[in-house]
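What follows is the residue order along each chain.
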Amino acid sequence: MGLPKLAITPAKPDKLRALGVIALNGMFDEMDALGVLRYAIEEVLPGDIAIVSSFGADSAVLLHLVSQVDRALPVYFLETGKHFAETLAYVETLRQRFGLTRVTALHPDPADVARFDPDGQLWERDPDSCCHIRKTEPLEPVTAQFGGWVTGRKRYQTAERGVLPHFELTSDDRIKINPLAYFSDSDVNAYKAQHGLPEHPLYDKGYKSIGCAPCTSVVAAGEDPRAGRWRGFNKKECGIHFDFNGAIAKPMIGQKNLWKDGAFTADPFRAWAETDSPETARYAHVPVDVFLRNRVAFLSNPHPIGLHVSPADQVEQVEADLLRFASIAIAFPAFTDGRGYSTARLLSERFGYTGEIRAVGDVLADQVPLMRRCGITAFVVTHEPTRRALESGQLATVNLFYQPVGTTEVPVGTRPFLRRAQ
Amino acid sequence: MYRYDEFDAAFVRERTAQFSDQVRRRISGELSEDQFRPLRLMNGLYLQLHAYMLRVAVPYGTLSSRQMRMLAHLARTYDRGYGHFTTRQNIQYNWPKLRDIPSILADLASVEMHAIQTSGNCIRNVTTDQFAGAAADEIIDPRPVGEILRQWSSLHPEFTFLPRKFKIALTGSPNDRAAIKFHDIGLMAALNGAGEIGWSVYVGGGLGRTPMIGKLINAYVPHEHLLSYLESIMRVYNRYGRRDNKYKARIKILVHEEGLETIKAQVEEEFAQVRGGRLTLPQEELDRIGAYFAPPPFKSLPVAAIDIAREKILDAAYGSWLENNLHPHRVPGYVSVTISLKPIGAAPGDATDAQMEAVADLAERYSFDELRVSHEQNLVLPHVLVSDLPAVYVALVEAGLAEGNAGLISDMIACPGLDYCALANARSIPIAQEISRRFAAPERQKEIGALKIKISGCINACGHHHVGHIGILGVEKKGTELYQITVGGDGTEAAAIGKILGPGFEAEAVPAAIERLVEAYIARRQTPDEPFISAYRRLGDAPFKEALYGTA
Ligand code: SF4
Ligand code: SF4
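Definitions and cut-offs
Residues numbered from 1 in each chain as written. Chains lettered and ligands numbered in written order. Predicted model: local features only at pLDDT ≥ 70, side-chain atom pairs only at ≥ 80, totals over all residues. Heavy atoms only, no water. Helix = DSSP H or I, 4+ residues; strand = E, 2+ residues; numbered from the N terminus. Rg over C-alpha atoms; globule rule 2.2 N^0.38 Å. Buried < 20%, exposed > 50% of the residue type's maximum accessible area, 1.4 Å probe, protein only. Contact = heavy atoms within 4.5 Å. Areas by Shrake-Rupley, 256 points an atom, 1.4 Å probe, with all protein chains shown as cover. Lys, Arg positive; Asp, Glu negative; His and termini not counted. Charge placed at Lys NZ, Arg CZ, Asp CG, Glu CD. Domains from an automatic or database assignment. Pairing = 2+ DSSP bridges. Axes fitted to C-alpha atoms, helices over the stretch in contact; angles between N-to-C directions. Near = heavy atom within 4 Å. Nonpolar A, V, L, I, M, F, W, Y, C, P; charged D, E, K, R; others polar. pLDDT = per-residue confidence, 0-100. Right-handed = clockwise from strand over helix to strand, strands pointing away. Salt bridge = Lys/Arg side-chain N within 4 Å of Asp/Glu carboxyl O. Buried area = accessible area lost by both parts, 1.4 Å probe. Polar contact = N/O pair within 3.5 Å; in protein donor to acceptor, adjacent residues only side chain to side chain. UniProt positions renumbered as here; feature names shortened; annotations may be inferred. 1 Å grid on protein atoms, 1.4 Å probe; cavity = no way out; pocket = protein on both sides within 12 Å on 5 of 7 lines; lining within 4 Å. Points joined across faces, edges and corners; volume = space filled by probe spheres on them.

Observations concerning the overall build of chain B
Turning to step 1, where the next piece is worked out: Across its full length, chain B carries 18 helices and 21 strands.
Turning to step 2, where the next piece is worked out: Over its C-alpha atoms chain B spans a radius of gyration of 23 Å, differing by no more than 12% from the 24 Å that the globule rule assigns to 552 residues.
Turning to step 3, where the next piece is worked out: Here chain B holds 552 residues, and 63% of them are scored as buried.
Turning to step 4, where the next piece is worked out: Contacts spanning at least 24 positions in sequence make up 67% of the contacts within chain B whose residues lie at least 6 apart.
Turning to step 5, where the next piece is worked out: Of the accessible surface of chain B, which amounts to about 19,600 Å², a share of 53% is contributed by carbon and sulfur atoms.
Turning to step 6, where the next piece is worked out: Taken together, the 61 basic and 65 acidic charged side chains of chain B have centroids lying 5 Å from each other.

Here it is in structure tokens:
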């Protein structure tokens, strides 16, 4: 957030400017989106404002407002090359319907794509890098040209946005205008209805928050609309440091319980639900028996899925299909149930599975080092002291080992069964 | 004996630091008792009736005098001046304070000792023959392999949360003094066709509420594959052992319910995968560890005969000590001496700090600095010159440790029972004391000969009553303590589980009942040399049943 950061910004002019921006916030009625927008475009930064739109499920409202103030406002669309065809069609629909004259598609540098994403699968391997070459890089030269940006962010969307004002000063000294800051979900719907705005074609199919095709999934009823974004990745930030538009820039946000690579990250996966279908499920940990019963359907399902292994399951039964899983969750229903340790070793050592192996259930600090040795690389942790121990790096651990376990420990000294963690 | 190198020392240091931190978190309330429990158990800390109890591992029962002195120091400083040697070749302290545990562990670490895995559902301290490396009848000294097993099983990440505790025992002698067939895994040195030494592996033995004799799962596993084979068994057990009922969670139940053949097939399948892998034990490694256990510099002496008859006339007590407490040594001129921790009327296995110091002194002077703890709760000086015996005896008399009753009726095993143990149904130490008073006279004990009485205060059978020639089990019936008597158990290679012949006895009636069994035996034995257990096997239940309950 821009405002709190001001307190530690020493430059005096910024502070003055910030005070000015704060003053702007008192000028408009909370719901006067049009007034905010008009004042910004005509009075505050005439000719120096642009908008980045995702042309997603709730982009129509903001673009409709823009069209009432200035049809020639520069509107940028990140044409990542990964969009749904429906989204591209929707860009055309809205452009024509609202008479927007300066809609520009920003394409990634073909050289970057050829170099970093030759097979088009970078999104799956490394979404942060994918977003970087497809969004951050193309946007960078454009951001420099404008002193203000219009965003579609709303307060209600996340706790973190609960204090979102109409006008904000960013840390890099630009002004962000959030005309819809006070709009609720129903305000948005009411506005759409009142003005007969066209819906994104995928909206009715269950997509509530729409970005690139591979990184968007259907949101279950009652789920945070943004839960559908970046399902399947431990994606931290989009990499776009200048947050133009929530719908584009922010990855999904939620309680971060997944400890991986030294940090708690948002967990893209969820548990398998009765209502999930083997053909279309994505980013769910499928129980072994469900997988075995629907093996063919799961194997032809194109989305990333995971496997959920209960203590009594025999992983041997899915040995041939392990490559199918982006993540394997090993259940520890009670910390005293040690079967998962054998499971983990079989997966990593015998079957050579190199994807994420995570421990779920009763995961406690004192078990984590043992789990790691057995090949478990991620931990879903809710136990508070354990979370603290992980975050402060204070796991009580013995780093010298008397037996060869795992795939990364190296011998120390002469004894064949003495090892030390790498 | 084994000496820690830097690695071992650092390992124990880290572990001590780790557990100290856990203790701190428990004291500060950060860890609940539920969360602390498995952690403290893995470090040998139990919560008992009165206080915490710390169990210190004596790996394969071997101690140096320096270590014994440290045990004495701990008894003096942190306990009430004594320690209790257990049937697992461990020592227990019954009164340490939680806040002292880190210091105790640090003290132990300074003499290369620890309390790791003396409890909890993990692989426990490995036990072996108390005469290992000394006995005339052994084909291999089991301690190097014992040490390798200790290392391999220490904080094994895969096998720290097993369905239940797991005990491994091994013997290098065909005369099994380590009760290997009553362990989850028992290893007995064996020869293959080419005359090479390896191991026969028994699985699924155990006592407790469902006593079972271990079954031979593999007649010959060579040294190099031993760890792979054991890891295979462990993995099968960890994955398939029952976890729904803690009374059915030991591997003996798995073997019993699934059948030996099924388990064997699973183990073989697993073994086929890991055989020849990283756990393969190179001969150099075995030699390297073996070098630590190289025989001490024995003198080359003629065979020394001891004229026990003559000694007995001169000093009856010394005579019977010589008669009972010596074990043949493989080197002429030496013997192994059993120091009985069963003085008449005392708690079996207890030793005071002063006694521990005295024993340490003796080991230093007369036994190449070596000591052993036996699973029968006695101590052993493994290598004593025959010519030093008088001096050793005098010193033992002074320390109150000269009871010449090893292997006799008063050399009983008894668990702590109701006096110390939270699980107990009945007292066991007072029963042992009563019996030993009744048979106190040395002539009487000699007349009876070899007879092992073992007493447990509850069905958990820590006192190994199932394998006592006469076993006594405390049970609770309608609020009173009753004692069930079993006959015919045997913990050796001729393994047998004792039989219950009828209803239990009240505490006061137990010594007389034992006496009746003894009388029945003496009356029917073929010669004075026929031991109780042989006579029982020959005669069957009937005379003993009659002795206990009269004729119907
Ligand atoms: S949203 Fe997904 S596909 Fe789009 S740029 Fe980011 S990672 Fe790539
Ligand atoms: S046998 Fe029972 S009473 Fe005796 S020590 Fe074991 S648990 Fe306690």
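What about the domain arrangement of chain A?
Turning to step 1, where the next piece is worked out: Domains assigned within chain A are domain 1 (15–215) and domain 2 (258–392).
Turning to step 2, where the next piece is worked out: Each of domain 1 of chain A and domain 2 of chain A has a C-alpha centre, and these two points are 37 Å apart.

Some remarks on the sheet that holds strand 3 (residues 62–64) of chain B
Residue and element names in this part refer to chain B.
Turning to step 1, where the next piece is worked out: Ordered in space as 3-14-15-12-11, the five strands form an open sheet in which the pairing is antiparallel. With one partner strand each, in any of the chains shown, strand 3 and strand 11 (326–328) form the two edges of the open sheet. Strand-to-strand, the axes of this sheet are offset by a mean angle of 35 degrees, without reference to chain direction.
Turning to step 2, where the next piece is worked out: Here five bridges tie strand 12 (residues 334–339) to strand 15 (residues 379–385), and the two strands are oriented antiparallel to one another. Bridge pairing in strand 15 links Tyr334 to Leu385.
Turning to step 3, where the next piece is worked out: Relative to strand 15, helix 13 (residues 389–399) is tilted by about 150 degrees, and along the sheet it contacts strand 11, strand 12 and strand 15.

Quick look at the site of ligand 2
Turning to step 1, where the next piece is worked out: Looking at ligand 2, the residues that line it are Cys415, Pro416, Gly417, Cys421, Leu423, Ala424, Ser456, Gly457, Cys458, Asn460, Ala461 and Cys462 of chain B.
Turning to step 2, where the next piece is worked out: Residue classes in the shell around ligand 2 are distributed as eight nonpolar, four polar and no charged.

Notes on the confidence of the model for chain B
Turning to step 1, where the next piece is worked out: Of the residues in chain B, 99% reach a pLDDT of 70 or more, and the chain-wide mean stands at 92.
Turning to step 2, where the next piece is worked out: Under the prediction, the complex receives an ipTM of 0.91, its pTM being 0.75.

With respect to the pairing of strand 3 (residues 103–106) of chain A
All names here are of chain A.
Turning to step 1, where the next piece is worked out: Bridge count between strand 2 (residues 75–78) and strand 3: four bridges; the pairing is parallel. Directly across from Val75, in strand 3, lies its bridge partner Val103.
Turning to step 2, where the next piece is worked out: The handedness of the strand 2 to strand 3 crossover, carried by helix 5 (residues 85–98), is right-handed.

A closer look at the pattern of salt bridges
Turning to step 1, where the next piece is worked out: Following the criterion strictly, the structure yields 61 salt bridges over all chains and no others.
Turning to step 2, where the next piece is worked out: Salt-bridge contacts for Asp21 of chain B lead to Arg25 of chain B; the nearest nitrogen and oxygen are separated by 3.2 Å. You can see Asp21 of chain B and its partner Arg25 of chain B sitting in helix 1 (residues 6–27), four residues apart, about one turn around the helix.
Turning to step 3, where the next piece is worked out: One salt bridge in this structure joins Lys454 of chain B and Glu376 of chain B, with 3.6 Å as the shortest N-O distance. Residue Lys454 of chain B is located in strand 17 (residues 453–456), and its partner Glu376 of chain B is located in the loop between strand 14 (370–373) and strand 15; the two are separated by 78 residues in the primary sequence. Taken as a pair, Lys454 of chain B and Glu376 of chain B share a single burial class, namely buried.
Turning to step 4, where the next piece is worked out: Because the salt bridges share partners, they merge into one network encompassing Arg345, Glu349 and Arg350 of chain A together with Glu158, Glu231, Arg235, Glu270 and Arg278 of chain B.

Focus on the domain arrangement of chain B
Residues and elements named next belong to chain B.
Turning to step 1, where the next piece is worked out: What the domain assignment lists for chain B is domain 1 (6–109), domain 2 (134–291), domain 3 (308–399) and domain 4 (413–549).
Turning to step 2, where the next piece is worked out: A separation of 26 Å is found between the C-alpha centroids of domain 1 and domain 2.
Turning to step 3, where the next piece is worked out: The interface of domain 1 with domain 2 comprises nine residues on the first partner and eleven residues on the second.
Turning to step 4, where the next piece is worked out: Together, Phe11, Tyr60 and Arg88 form the three largest contributors to the area buried by domain 1 at its contact with domain 2, with a combined 55%.
Turning to step 5, where the next piece is worked out: Taken together, domain 1 and domain 2 are joined by zero salt bridges.
Turning to step 6, where the next piece is worked out: Along the contact surface separating domain 1 from domain 2 lie two residue pairs in polar contact (both at pLDDT 80 or more).
Turning to step 7, where the next piece is worked out: Taken together, the elements giving at least two residues each to the side of domain 1 that touches domain 2 come down to helix 1 and helix 2 (33–42).

Re the UniProt feature "binding site: [4Fe-4S] cluster" (unreviewed entry) in chain A
All names here are of chain A.
Turning to step 1, where the next piece is worked out: UniProt annotation of "binding site: [4Fe-4S] cluster" (unreviewed entry) refers to Cys130, Cys131, Cys212 and Cys215 when read in the numbering used here. On the basis of their most widely separated C-alpha atoms, the annotated residues across 86 residues gather in one place, lying no more than 10.8 Å apart.
Turning to step 2, where the next piece is worked out: Considering the arrangement of structural elements, one finds Cys130 in helix 8 (residues 127–143).
Turning to step 3, where the next piece is worked out: Judged by relative accessible area, Cys130 falls into the buried class, the value being 6%.
Turning to step 4, where the next piece is worked out: Aside from chain neighbours lying at most four places away, what touches Cys130 is Leu122 and Trp123.
Turning to step 5, where the next piece is worked out: Structurally, Cys215 is set in the loop between helix 9 (185–195) and helix 10 (246–249).

Thoughts on the layout of surface pockets
Residue and element names in this part refer to chain B.
Turning to step 1, where the next piece is worked out: Considered as a void within the structure, the second largest pocket measures approximately 970 Å³ in volume.
Turning to step 2, where the next piece is worked out: Around the second largest pocket, the lining is made up of 36 residues, and of these Glu376, Ala406, Gly407, Ala450 and Lys452 lie nearest the centre.
Turning to step 3, where the next piece is worked out: Looking at which element gives the most residues to the lining of the second largest pocket, the answer is helix 11 (residues 316–325), with three residues.
Turning to step 4, where the next piece is worked out: Classifying every residue of the lining of the second largest pocket gives eleven nonpolar, 14 polar and eleven charged.

Focus on the site of ligand 1
All names here are of chain A.
Turning to step 1, where the next piece is worked out: Near ligand 1, the surroundings consist of ten residues, among which Cys130, Cys131, Lys135, Cys212 and Cys215 are the closest.
Turning to step 2, where the next piece is worked out: The element contributing the most residues to the shell around ligand 1 is helix 8, with five residues.
Turning to step 3, where the next piece is worked out: Its residues assigned to classes, the shell around ligand 1 shows seven nonpolar, no polar and three charged.

Considering the confidence of the model for chain A
As a note on interpretation, predicted positions should not be read in detail where pLDDT is low.
All names here are of chain A.
Turning to step 1, where the next piece is worked out: Summing up the model confidence of chain A, the mean pLDDT is 80 and the portion of residues at 70 or higher is 82%.
Turning to step 2, where the next piece is worked out: No element of chain A has a lower mean pLDDT than helix 1 (residues 2–6), at 33, and none a higher one than helix 13 (residues 339–350), at 97.
Turning to step 3, where the next piece is worked out: Predicted confidence is poor over residues 219–223, with pLDDT under 50, and the contacts of this stretch with residues over four places away or in other chains come to eight contacts.
Turning to step 4, where the next piece is worked out: Confidence over residues 227–254 falls short of pLDDT 50; this stretch has 120 contacts with residues more than four positions distant or in other chains.

Observations regarding empty space enclosed by the protein
All names here are of chain B.
Turning to step 1, where the next piece is worked out: The final tally for this structure, using the stated rule, is nine cavities of 30 Å³ or more.
Turning to step 2, where the next piece is worked out: Taken as a whole, the largest cavity holds about 170 Å³ of empty space.
Turning to step 3, where the next piece is worked out: If you trace the largest cavity, you find 16 residues lining it, with Met1, Pro59, Tyr60, Gln67 and Glu112 closest to the centre.
Turning to step 4, where the next piece is worked out: Listing elements by their share of the lining of the largest cavity, those giving two or more residues are strand 3 and helix 5 (143–153).
Turning to step 5, where the next piece is worked out: Here the lining of the largest cavity is composed, by residue class, of ten nonpolar, three polar and three charged.

Section: the sheet that holds strand 5 (residues 91–93) of chain B
All names here are of chain B.
Turning to step 1, where the next piece is worked out: Across the sheet, five strands lie side by side as 1-2-5-4-13; this open sheet has antiparallel pairing. Only two strands of the sheet have a single neighbouring strand rather than two, namely strand 1 (45–47) and strand 13 (350–352). The sheet shows a mean angle of 30 degrees between the axes of neighbouring strands, direction not considered.
Turning to step 2, where the next piece is worked out: Where strand 4 (residues 82–85) and strand 13 come together, three bridges link them in antiparallel fashion. Considered in strand 13, the bridge of Tyr82 is made with Thr352.

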